[in-house]
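# Observations on the model geometry
This is what each chain is made of:
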Amino acid sequence: MKIPNYREIKAKTVVFDLNGTLGVEGRVNEEVKRLLDALSEKYRVIVLSADTFGTLKEEFKGIPIKIERVRDGEEKMKKALNYDPYIGIGNGNNDIGMLENAELGICVIGEEGASVEALLNSDIVVRDVKDAIKLLLNEKRLIATLRG
């Protein structure tokens with residue numbers, strides 16, 4: 001997608017963090033799951049998580065996305081780079097490398113907040129992951145946010 005006076009976004013993959021981004025304490029609400037299902041028709045969807053709460057497989061059962069476990073932010077960044085160019089969506093310090101190296105980085109300030117460094121390494125900041133997904137589902141919203 002071409003964004004006037006900004007740049008062209010070529011990514012066909014969206015890489016998400018789980019805790020603090022897609023869900024709280026390892027749980028993802030049903031509306032977010034429906035939106036992820038819709039997003040998977042347009043992009044390849046990847047979830048990278050340390051699976052702190054042991055819910056990773058269970059939460060995404062039946063949704064056409066790929067899940068991968070990571071130990072830390074360094075490993076998360078390296079795995080995300082396997083999908084370059086990608087859109088990165090996260091909120092914490094362990095998402096900084098993923099956001100910084102993304103063609104488009106979106107920081108989510110949800111219930112758990114967001115780290116300042118994650119915020120500073122993003123192109124867009126949203127208040128809820130649903131808002132981030134809706135930006136990608138309706139590119140005119142994304143263009144309106146980023147155009148120069």
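Preceding this paragraph is the structure being described.
Reference entry: report on the structure contained in this document.

Cut-off values and rules
- Residues numbered from 1 in each chain as written.
- Predicted model: local features only at pLDDT ≥ 70, side-chain atom pairs only at ≥ 80, totals over all residues.
- Heavy atoms only, no water.
- Patch = residues over 30% accessible without salt bridge, like charges linked within 9 Å, V, L, I, M, F, W, Y side chains within 5 Å.
- Areas by Shrake-Rupley, 256 points an atom, 1.4 Å probe, with all protein chains shown as cover.
- Salt bridge = Lys/Arg side-chain N within 4 Å of Asp/Glu carboxyl O.
- Helix = DSSP H or I, 4+ residues; strand = E, 2+ residues; numbered from the N terminus.
- Buried < 20%, exposed > 50% of the residue type's maximum accessible area, 1.4 Å probe, protein only.
- Core = buried A, V, L, I, M, F, W, Y, C linked by side-chain atoms within 4.5 Å.
- Contact = heavy atoms within 4.5 Å.
- Polar contact = N/O pair within 3.5 Å; in protein donor to acceptor, adjacent residues only side chain to side chain.
- Arc of directions from axis to C-beta.
- Pairing = 2+ DSSP bridges.
- Right-handed = clockwise from strand over helix to strand, strands pointing away.

Together, Ile 109, Val 116, Leu 119, Leu 120 and Val 125 line one region of the surface with nonpolar side chains, adding up to about 430 Å² of accessible area. Ranked by residues supplied to the nonpolar patch, first place goes to helix 5 (residues 116–120) with three residues. Within the secondary structure layout, Leu 119 lies in helix 5. Judged by relative accessible area, which is 31%, Leu 119 ranks as partly exposed.

Nonpolar side chains tend toward joint burial in soluble globular proteins. Counting residues in each nonpolar core, the largest one holds 35 residues, and the members touching the most others are Phe 16, Leu 22, Leu 36, Phe 60, Ile 87 and Ile 89. Contributions of two or more residues to this core are made by strand 3 (13–17), helix 1 (30–39), strand 4 (44–49), strand 6 (86–90), strand 7 (104–108), strand 8 (124–126), helix 6 (129–137) and helix 7 (139–146). For this core, the leading source of residues is helix 6, giving five residues. Discounting chain neighbours no more than four positions away, the residues touching Leu 22 are Phe 16, Asp 17, Val 28, Val 32, Leu 36, Val 47, Phe 60 and Val 129. Judged by nonpolar contacts, the second largest core, of nine residues, contains Ile 46, Tyr 83, Tyr 86 and Ala 102.

With respect to the helices and strands, the residue Asp 51 is situated in the loop between strand 4 and helix 2 (56–59). For Asp 51, a relative accessible area of 10% corresponds to the buried category. A distance of 2.8 Å separates polar atoms of two side chains, one belonging to Asp 51 and the other to Arg 69.

Looking at the secondary structure, you find Ile 124 in strand 8. The spatial distance from the C-alpha of Ile 124 to the C-alpha of Leu 104 is 8.1 Å, given a sequence separation of 20 residues. Those residues in contact with Ile 124, other than ones at most four positions away along the chain, are Leu 104, Gly 105, Ile 106, Cys 107, Leu 135, Leu 142, Thr 145 and Leu 146.

For helix 7, the set of buried residues is Leu 142, Ile 143 and Leu 146. In a view along the axis of helix 7, the buried residues occupy a sector of 100 degrees, so they form one face of it. Elements that come into contact with the buried residues of helix 7 comprise strand 1 (2–3), strand 7, strand 8 and helix 6.

Let's shift gears to helix 1. Looking only at helix 1, the buried set comprises Val 32, Lys 33, Leu 35, Leu 36 and Leu 39. For helix 1, the arc enclosing every buried residue in end-on projection is 165 degrees, short of the 170-degree limit, so these residues lie on one face. Elements in contact with the buried residues of helix 1: strand 3, strand 4, helix 2 and helix 6. If you check the start of helix 1, you find a side-chain oxygen 3.0 Å away from the backbone N of Glu 31, and it comes from Asn 29.

Buried residues dominate strand 3, accounting for five of its five residues. The alternating pattern of strand 3 places Thr 13, Val 15 and Asp 17 on one face and Val 14 and Phe 16 on the opposite face, and all of these are buried. Where strand 3 and strand 4 come together, five bridges link them in parallel fashion. Counted as the bridge partner of Val 15 is Ile 46 from strand 4. For the crossover that starts at strand 3, traverses helix 1 and ends in the parallel strand 4, the hand is right-handed. Sheet topology places strand 3 next to strand 6; four bridges connect them, and they run parallel. Each residue of the ladder has a partner; that of Thr 13, found in strand 6, is Tyr 86.

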